[in-house]
Amino acid sequence: MTDTPRESGYRPGYEVAAEQVLEYIVRLGLRPGDRMPTEIELARQLGTSRTVVREAVKILSALGRVRAQKGRGLYVADDEGMFGTGRWASFFLPTDLDHVFMLFEFRRAQEMETSRLAARRATPAELKAIEEAAGLCRHGFETGQEDLFNKGDDTFHTAIATASHNMFLQVTVREARRLQAQSNLIGLRGSVGGHAAKAVEEHDAIYQAIRAGDPEAAAQAAATHIDNTLDDYRREIQQRLFSSQ
C-alpha cells in the first residue's frame, strides 16, 4: 500500500490503514466484543505490511475502537461510554463526512444547552474552572503548543458541562468530543486548523456570558463557536480534496 497525497506531503500508511480497519468493522457488522482477524490477515486484506497494520491498531486502541488481548488477538472494543452502548455508535466513521456533520449538529444543540444551564447554575468554583481552562487554551495557542491548546479546549467544554449540573449532558459532551477527536486524529491528523485564533476569543465570549448569568447569550455564543469550528473543518477538508487532485 502506498501513502496517499496530502497538501503537506503524503498521508501515512498507518493512518490510511486505521481508516480502512474501521470501514472493515462496519462492513462486516462487527459488534463490541467480536473477534477480528489477526494483524497478518488484516495486512493481507488491506494490501499493506504487518508493521503498518500494527501502527494502525495502536491508534485505534488509543481511540478505544479496537482492543488487543495478548495471546488472544484483536477485538472490537467494549466501549462502556453512553454512546458506545448505542446501536449506531459502533458504526461511527471518523472520515465519513455525513457522520461528522451529524455529530456537529448534535454538538451544537448539546453545547448550547450546557452553556445555557451553566449560566444559571455555575458555582464560583465552577466559574473559576471554566476561566482557567479558557486561559490554558489561550496560552497554548499563543505559545504554539498544540497539545496545551487541545487540553485547554477539552477542559473548557468539560468544565461547562460540569457547571450545567446535568449528569447526562456531562457524559454526552465527553463522548461527543471523544468521537470528534477520532475524526480530527484520523481525518485531519490532529490539525488545529485556522480557527484556533478565533476559538480562544469565542471561549472568552462563552465564559463572560456564563459569568454574567445570561443563559441565552451563553447559548448563542456556544452556537457561534460550534458553527465556526464546523466552517473551519469544512475548509480543511476542501483543502485536502483539492490538494489531492
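All values reported here derive from a predicted model rather than from experimental measurement.

A. Spatial organisation of helix H8 (residues 196-211). Here H8 is 16 residues long and its end C-alpha atoms lie 23 Å apart, about the 22 Å a rise of 1.5 Å per residue gives. Among all positions of H8, only Ala196, Ala199, Val200, Glu202, His203, Ile206, Tyr207, Ala209 and Ile210 are buried.

B. Spatial organisation of the pairing of strand E3 (residues 66-69). Examined bridge by bridge, E3 and strand E4 (residues 73-76) share four bridges and lie antiparallel to one another. Pairing of Arg67 across the sheet is with Tyr75, part of E4. The hairpin turn running from E3 into E4, its antiparallel successor, is three residues long, and Gly71 in that turn takes a positive phi close to 80°.

C. Inspection of the pattern of salt bridges at higher detail. Scanning the model with the defined rule gives 15 salt bridges in all. In this structure, Glu132 and Lys128 form a salt bridge, with 3.2 Å as the shortest nitrogen-oxygen distance. Here Lys128 and Glu132 lie together in helix H5 (residues 124-142), a separation of four residues that amounts to about one turn. By relative accessible area, Glu132 is classed as partly exposed at 47%. On the basis of relative accessibility, which here comes to 48%, the residue Lys128 falls in the partly exposed class. In this structure, Arg174 and Glu175 form a salt bridge, with 3.9 Å as the shortest nitrogen-oxygen distance. Take Arg174: its relative accessible area is 48%, and that puts it in the partly exposed class. The buried category is assigned to Glu175, whose relative accessible area is 5%. In this structure, a network of salt bridges that share partners links the residues Glu39, Arg50 and Arg54.

D. Structural context of helix H2 (residues 39-46). Listed in full, the buried residues belonging to H2 are Glu39, Leu42, Ala43 and Leu46. Buried residues in H2, looked at end-on, bunch into an arc of 100°, giving them a common side. Set apart from the buried face of H2 by more than 90 degrees, the exposed residues are Ile40 and Arg44. Each element contacted by the buried residues of H2 is listed here: helix H1 (13-28), helix H3 (50-62) and E4.

E. Expanded view of the confidence of the model for the chain. Averaged over all residues, the pLDDT of the chain equals 82, while 83% of them reach at least 70. Confidence scores differ between elements of the chain, with strand E1 (residues 4-6) showing the lowest mean pLDDT of 37 and H5 the highest of 96. Confidence over residues 81-88 falls short of pLDDT 50; this stretch has 19 contacts with residues more than four positions distant or in other chains.

F. Summary view of the nonpolar core. If you look at the biggest cluster of nonpolar residues, it comprises 19 residues, and the most contacted ones within it are Ile25, Met36 and Val66. When contributions to this core are tallied by element, the ones reaching two or more residues are H1, H2, H3 and E4. For this core, the element with the highest residue contribution is H1, accounting for six residues. Excluding residues that lie within four positions of it along the chain, Ile25 makes contacts with Leu30, Met36, Val66 and Val76. Formed by 17 residues, the second largest nonpolar core is a distinct cluster that contains Ala133, Phe156, Ile160 and Ala209.

Basis of the calculations
- Residues numbered from 1 in each chain as written.
- Predicted model: local features only at pLDDT ≥ 70, side-chain atom pairs only at ≥ 80, totals over all residues.
- Heavy atoms only, no water.
- Helix = DSSP H or I, 4+ residues; strand = E, 2+ residues; numbered from the N terminus.
- Expected span 1.5 Å × (residues − 1).
- Buried < 20%, exposed > 50% of the residue type's maximum accessible area, 1.4 Å probe, protein only.
- Pairing = 2+ DSSP bridges.
- Salt bridge = Lys/Arg side-chain N within 4 Å of Asp/Glu carboxyl O.
- Arc of directions from axis to C-beta.
- Contact = heavy atoms within 4.5 Å.
- pLDDT = per-residue confidence, 0-100.
- Core = buried A, V, L, I, M, F, W, Y, C linked by side-chain atoms within 4.5 Å.

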